Amino acid sequence: MAGETRHIPRPIKRRLIDEAGGKCANPGCPNTKVQFHHIKHWAVYKAHNSEDMIAICPSCHDAAHHGKLKIPDETLFRWKGAFPLTGVVSDVLFVEPATEVGLLAGTIVLSTTNQSLIAFELSNLNTLAFRLEDSDIMLVRARLRDLTGQEVLRVSDNRVRVCRDKDVSFERRPGRVRIEMPSTDRYVYPLMIKQMRVVEPNYATDRITALDLEVWKPGLVKVRGVWAAAEGGVVITDQRFALMRPGFREPISLVGHGEGTILKFAGPVTMAMFKFA
């Protein structure tokens, strides 16, 4: 598609972003901020042809033009075919190392003196945990299934994978990923929402946070989300770590004073801290 100006039409931008998998097209780069590079240079051809353009991040874009390890055109064309649409979208969460690590869940910090901690493990394989590597690198694990048993998302050692679904949104920036889903009975039991609204009246009025991981400071990850099971569930919001079971009027809330309230577990952790079975 020819163009008289450097303005790139929106449909071409969207096509290039989708082609690259929603991130830099470089398969060795996790950056989600992209620019649009003309492999066949604009200065020569004066055209916006999506077949000859690619979505790459600012660093890779600079390398394609001026890098000491310059990215050649044949490599850029190879990258254009590297990301066919699949059933998942993914990202990586970087957590700066620290000597003290933990999960900020609501207004308490979950921590351990061991190399790993399972915060909870529900019967339908919905989990939240972390482990340490080299005593200071925090690697988060989480898994969430909908009520039919279909996997919605998985976090394995800070690698986030979200199943493509028109109802599930995946937003990200460096240091944070957020997945939201409808507050329907496909994803969460209505009883859980009813119990949560006793303590937080505006909870899940339309959309619900499936998982929100935010690097709060080195070694500390703030987590929000919902994990549902027939025997009980867990909801983490900014205000509380809520545990619920059928028959309760409202959840059992673990509430503290933020980073200064630390729930630390000593000794070997061989089973979940909170397990509904």
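Residues numbered from 1 in each chain as written. Predicted model: local features only at pLDDT ≥ 70, side-chain atom pairs only at ≥ 80, totals over all residues. Heavy atoms only, no water.

A closer look at the overall build of the chain
Line of reasoning, step 1. When you go through the chain residue by residue, the secondary structure sums to 5 helices and 18 strands.
Line of reasoning, step 2. Within the chain, the fraction of its 277 residues that count as buried is 45%.
Line of reasoning, step 3. Within the chain, contacts between residues separated by at least 24 positions form 60% of all contacts whose residues are at least 6 apart in sequence.
Line of reasoning, step 4. As presented, the chain carries roughly 14,200 Å² of accessible surface, and 53% of it is formed by carbon and sulfur atoms.
Line of reasoning, step 5. Within the chain, the 31 negative side-chain charges are centred at a point lying 2 Å from the centre of the 38 positive side-chain charges. (Helix = DSSP H or I, 4+ residues; strand = E, 2+ residues; numbered from the N terminus. Buried < 20%, exposed > 50% of the residue type's maximum accessible area, 1.4 Å probe, protein only. Contact = heavy atoms within 4.5 Å. Areas by Shrake-Rupley, 256 points an atom, 1.4 Å probe, with all protein chains shown as cover. Lys, Arg positive; Asp, Glu negative; His and termini not counted. Charge placed at Lys NZ, Arg CZ, Asp CG, Glu CD.)

Observations concerning the pattern of salt bridges
Line of reasoning, step 1. The full count for this structure, using the stated rule, is 22 salt bridges.
Line of reasoning, step 2. Here Arg 186 ties to Asp 165 by a salt bridge, and the two come within 3.1 Å at their closest N and O atoms. Taken together, the residues Arg 186 in the loop between β12 (176–182) and α5 (190–199) and Asp 165 in the loop between β10 (159–163) and β11 (169–173) connect sequence positions 21 residues apart.
Line of reasoning, step 3. Using a relative accessible area of 31% as the deciding quantity, one classes Arg 186 as partly exposed.
Line of reasoning, step 4. For Glu 180, the salt bridge identified is with Arg 178, shortest N-O distance 3.9 Å.
Line of reasoning, step 5. Ionic contacts of the salt-bridge type, sharing partners, join the residues Arg 173, Arg 176, Asp 212, Glu 214, Lys 222, Arg 224 and Asp 238 into one network. (Salt bridge = Lys/Arg side-chain N within 4 Å of Asp/Glu carboxyl O.)

Concerning the environment of Glu 96
Line of reasoning, step 1. For Glu 96, the location among the structural elements is in the loop between β3 (88–92) and β4 (102–105).
Line of reasoning, step 2. Judged by relative accessible area, which is 45%, Glu 96 ranks as partly exposed.
Line of reasoning, step 3. Separated by 123 residues in the primary sequence, Glu 96 and Gly 219 have C-alpha atoms spaced 6.1 Å apart.

Let's talk about the sheet that holds β10
Line of reasoning, step 1. Read across the sheet, 6 strands follow the order β3-β10-β9-β8-β7-β6 without closing on themselves; strand pairing throughout is antiparallel. Every other strand in the sheet has two partners, leaving β3 and β6 (116–121) as the edge strands with one partner each. If you compare each strand with its neighbour and ignore which way they point, the axes differ by 10° on average. (Pairing = 2+ DSSP bridges. Axes fitted to C-alpha atoms, helices over the stretch in contact; angles between N-to-C directions.)

Here we look at the pairing of β4
Line of reasoning, step 1. A two-sided burial pattern is seen for β4, the buried positions comprising Gly 102 and Leu 104 on one face and Leu 103 and Ala 105 on the other.
Line of reasoning, step 2. Note that β4 and strand β14 (residues 220–229) share 4 bridges and pair parallel. Each residue of the ladder has a partner; that of Leu 104, found in β14, is Lys 222.
Line of reasoning, step 3. The antiparallel pairing of β4 with strand β5 (residues 108–112) creates a hairpin that spans 2 residues between the two strands, and Gly 106 there sits at a positive phi of about 70°.

Regarding the packing of aromatic side chains
Line of reasoning, step 1. On inspection of all chains with the given rule, the structure shows 2 aromatic pairs.
Line of reasoning, step 2. Aromatic pair Phe 120 and Trp 227: ring centres 4.9 Å apart, planes at 70°, arrangement edge-to-face. Residue Phe 120 is located in strand β6, and its partner Trp 227 is located in strand β14; the two are separated by 107 residues in the primary sequence. Each of the two residues, Phe 120 as well as Trp 227, counts as buried. (Phe/Tyr/Trp six-rings, centres within 6.5 Å; stacked < 30°, edge-to-face > 60°.)

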